[in-house]
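What follows is each chain in one-letter form.
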Amino acid sequence: MAILERNTRNIDNRYWNPGAEYFPVKNRYTAGVAGQRFFEELKEKGKIFGTKCETCNKTYIPARLYCERCFARLEDKDWVDVGTEGTLFSFTVVHETKSGEKKEKPSIIAAINISGSLLIHRLGECSEEDLQIGSRVKAKFKPQAKRKGEIEDILFFKPL
Ligand SMILES: [Zn+2]
């Protein structure tokens, strides 16, 4: 989905066909100022950026404009390249599709700790048996020409 598609029929947002792979949202969407920059950095540079509140020593990923703890505005100087690696905080193995059918190959969804912030994403090039909480994982990006400025520009994280 392009970021700025417009919905021409409001009724399309009021129901979801459970057999459909995606929710049919076609409305104008913006990720906000911080979200837009976060996704542009993913797309253009293949980098994950957060914003860090120096007062609270807290890094937000994806980047945010305000600290949730002290409400300080986070400025350009607060943007930090957090690298493309993190620590496996938690994971779950998904055996069924959204409509309840058995998947050909289970997928693994993980919470990845990057600089103290949790990012939810897929794990790849591994099986459940390879995983250990606390182990290091690294983002694998799509080739730059195929990135769209969305979280799916990261194909998955894989164990190091
Ligand atoms: Zn703060």
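## As for the nonpolar core
As a rule of thumb, soluble globular proteins bury nonpolar side chains together.
Line of reasoning, step 1. Counting 19 residues, the largest nonpolar core has Ile48, Ile61, Ile112, Ile114 and Phe157 as its most contacted members.
Line of reasoning, step 2. Among the elements of the structure, helix H1 (32-45), strand E5 (102-114), strand E6 (117-123), strand E7 (136-141) and strand E8 (154-159) are those that each provide at least two residues to this core.

## Quick word on the environment of Val33
Line of reasoning, step 1. Tracing the chain through its elements places Val33 in helix H1.
Line of reasoning, step 2. Looking at Val33, the number of C-beta atoms within 10 Å reads 11, which means it is exposed.
Line of reasoning, step 3. The sequence separation of Val33 and Ala63 amounts to 30 residues, and the corresponding C-alpha distance is 9.6 Å.

## Thoughts on the pairing of E6
Line of reasoning, step 1. With 7 bridges joining them, E5 and E6 adopt antiparallel strand pairing. Residue pairing in the sheet places Ile109 in a bridge with Arg122 of E6.
Line of reasoning, step 2. Turn length for the E5-E6 hairpin, with the two strands adjacent in sequence and antiparallel, is 2 residues, and the turn residue Ser115 shows positive phi of about 55 degrees.

## Thoughts on the sheet that holds strand E1 (residues 49-53)
Line of reasoning, step 1. Strand order in this open sheet of 3 strands is E2-E1-E3, and the pairing throughout is antiparallel. Because the sheet does not close on itself, it has two edges, and the strands there are strand E2 (58-60) and strand E3 (79-81). The average undirected angle you get between the axes of adjacent strands in this sheet is 40 degrees.
Line of reasoning, step 2. When E1 meets E3, the two strands line up antiparallel, connected through 3 bridges. The residue of E3 that forms the bridge with Gly50 is Val80.

## What about the pairing of E7?
Line of reasoning, step 1. Sheet topology places strand E4 (residues 85-96) next to E7; 3 bridges connect them, and they run antiparallel. Pairing of Glu85 across the sheet is with Lys138, part of E7.
Line of reasoning, step 2. Pairing between E7 and E8: 5 bridges, direction antiparallel. Within the sheet, the bridge partner assigned to Ala139 lies in E8 and is Phe157.

## Some points on unusual backbone geometry
Line of reasoning, step 1. A cis amide bond links Ile61 with the next residue in sequence, Pro62, at an omega value of -10 degrees.
Line of reasoning, step 2. Assignment of secondary structure puts Pro62 in the loop between E2 and E3.
Line of reasoning, step 3. The phi dihedral of Asn57 is positive, around 55 degrees, even though this residue is not glycine.
Line of reasoning, step 4. Looking at where Asn57 falls in the secondary structure, it is placed in the loop between E1 and E2.
Line of reasoning, step 5. Asn57 gets classed as exposed once you count the C-beta atoms within 10 Å, which come to 9.
Line of reasoning, step 6. At Glu125, a residue that is not glycine, the phi angle is positive and equals roughly 55 degrees.
Line of reasoning, step 7. On the neighbour-count criterion, Glu125 (11 C-beta atoms within 10 Å) is exposed.

Parameters at a glance
Residues numbered from 1 in each chain as written. Predicted model: local features only at pLDDT ≥ 70, side-chain atom pairs only at ≥ 80, totals over all residues. Core = buried A, V, L, I, M, F, W, Y, C linked by C-beta atoms within 7 Å. Buried ≥ 20, exposed ≤ 12 C-beta atoms within 10 Å, placed from the backbone. Helix = DSSP H or I, 4+ residues; strand = E, 2+ residues; numbered from the N terminus. Pairing = 2+ DSSP bridges. Axes fitted to C-alpha atoms, helices over the stretch in contact; angles between N-to-C directions.

Nothing here speaks to function; it is all geometry.
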